[in-house]
Amino acid sequence: MTEQKNRPLPPALYPGKVILASGSPRRQELLGLIVPEFEIAPRREVTEKCDPMTPSLKVPIALSQLKSKVYSDLLDADTLLITADTLVIVEGEILGKPSNAETARRMLRRLSGHTHTVVTGVTLADRHHSRSFAEQTKVKFGHLTIDEINNYIEIFHPFDKAGAYGIQEWIGCIGVRGIEGDFYNVMGLPLHALYREIKAFPL
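So, here's what we can say about the structure. From a predicted model like this one, the values you see are computed outputs, not experimental measurements. (Residues numbered from 1 in each chain as written. Predicted model: local features only at pLDDT ≥ 70, side-chain atom pairs only at ≥ 80, totals over all residues. Heavy atoms only, no water.)

### A short note on the overall build of the protein
Right, so step 1: When helices and strands are tallied, the protein shows seven helices and eight strands.
Right, so step 2: Against the globule reference of 17 Å for 203 residues, the protein gives a C-alpha radius of gyration of 17 Å, in line with a compact fold.
Right, so step 3: By its C-alpha atoms, the protein is 50 × 45 × 30 Å across when sized along the principal axes.
Right, so step 4: At a minimum sequence separation of 6, the contacts of the protein that also span at least 24 residues come to 68%.
Right, so step 5: Of the roughly 10500 Å² that the protein leaves accessible, carbon and sulfur atoms contribute 51%.
Right, so step 6: Counting 24 positive and 24 negative side-chain charges, the protein places the centres of these two groups 2 Å from one another. (Helix = DSSP H or I, 4+ residues; strand = E, 2+ residues; numbered from the N terminus. Rg over C-alpha atoms; globule rule 2.2 N^0.38 Å. Contact = heavy atoms within 4.5 Å. Areas by Shrake-Rupley, 256 points an atom, 1.4 Å probe, with all protein chains shown as cover. Lys, Arg positive; Asp, Glu negative; His and termini not counted. Charge placed at Lys NZ, Arg CZ, Asp CG, Glu CD.)

### Observations regarding the packing of aromatic side chains
Two aromatic rings are characterised by how far apart their centres lie and by the angle between their planes.
Right, so step 1: Following the criterion strictly, the structure yields three aromatic pairs and no others.
Right, so step 2: With a centroid separation of 5.1 Å and an interplanar angle of 85°, the aromatic rings of Phe 141 and Tyr 165 are classed as edge-to-face. Separated by 24 residues along the polypeptide, Phe 141 in strand E7 (residues 130-141) and Tyr 165 in the loop between helix H4 (146-156) and helix H5 (170-175) bring together distant segments of the chain. Just as Phe 141 is buried, Tyr 165 falls in that class too.
Right, so step 3: Between the aromatic rings of Phe 183 and Tyr 184, the centroid separation amounts to 5.7 Å while the plane-to-plane angle is 80°, which identifies the pairing as edge-to-face.
Right, so step 4: Exposure remark for Tyr 184: the relative accessible area of 36% places this residue in the partly exposed category. (Phe/Tyr/Trp six-rings, centres within 6.5 Å; stacked < 30°, edge-to-face > 60°. Buried < 20%, exposed > 50% of the residue type's maximum accessible area, 1.4 Å probe, protein only.)

### Some points on the pairing of strand E3 (residues 37-40)
Right, so step 1: Bridge count between strand E2 (residues 17-20) and E3: two bridges; the pairing is parallel. For Leu 20, the partnering residue across the bridge sits in E3 and is Ile 40.
Right, so step 2: A crossover links E2 with its parallel partner E3, the connecting element being helix H1 (residues 25-31), and its sense is right-handed. (Pairing = 2+ DSSP bridges. Right-handed = clockwise from strand over helix to strand, strands pointing away.)

### Topic: the pattern of salt bridges
Right, so step 1: Summed over the entire model, instances satisfying the criterion amount to 12 salt bridges.
Right, so step 2: The partner of Asp 76 in a salt bridge is Lys 17, and the shortest N-O contact between them spans 3.8 Å. In this pair, Asp 76 sits in the loop between helix H2 (59-70) and strand E4 (79-90) while Lys 17 sits in strand E2, placing the two residues 59 residues apart along the sequence.
Right, so step 3: You can call Asp 76 partly exposed: its relative accessible area is 38%.
Right, so step 4: Taking the relative accessible area as the measure of exposure, Lys 17 reaches 29% and is therefore partly exposed. (Salt bridge = Lys/Arg side-chain N within 4 Å of Asp/Glu carboxyl O.)

### Describing the environment of Ala 104
Right, so step 1: Within the element layout of this structure, Ala 104 appears in helix H3 (residues 101-111).
Right, so step 2: In contact with Ala 104, not counting residues within four places along its chain, are Pro 98, Ile 153, Phe 159 and Ala 164.

### Overview of unusual backbone geometry
Right, so step 1: We note that Glu 91 has phi near 50°; this positive angle belongs to a residue other than glycine.
Right, so step 2: In this structure, Glu 91 sits in the loop between E4 and strand E5 (93-95).
Right, so step 3: For His 157, which is not a glycine, the phi torsion comes out positive at approximately 50°.
Right, so step 4: Locating His 157 in the fold gives a position in the loop between H4 and H5.
Right, so step 5: Given the relative accessible area of 46%, His 157 is considered partly exposed.

Structure below.
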């Protein structure tokens, strides 16, 4: 069971057990801002592939639904399962997690000086209901030098991050000129929308 330490707890948002099926430390930290106690599902292998004809903006929802099905056996009575997927999209091109430093370097060069869209798809599910939604945030990057890109990759190793960057890290401080939408969505969970979706989820 994960709960917040050394800070006031928010009010209970869901009357039953909440399970987050994500190994991302950022998602776990973010969910703790609105859900005082939740469990983290054991890691499972998920083949993150969907129909190639799926529009890029719809891919994160499709992947969150795929993950939800993989963990559906965890749904006991009064249990809410949360799955999510975040992608960076620039001019229709999907940037997932880089597999190595060269891929991360290509992604950051692609983002430099451009505006991209971060889309997070989220699926909420219990034994009887399933609800999916997506949130979009536009992020405008200033121009990054090759040295800045190389230094970031060497020090921060952003291989577990869509688009090869974390907005909360050094690269976000020096590179992001502005955002339009939910800041937390760029980190991996759209907290404003998620809070309201959990409140409205049928019991």
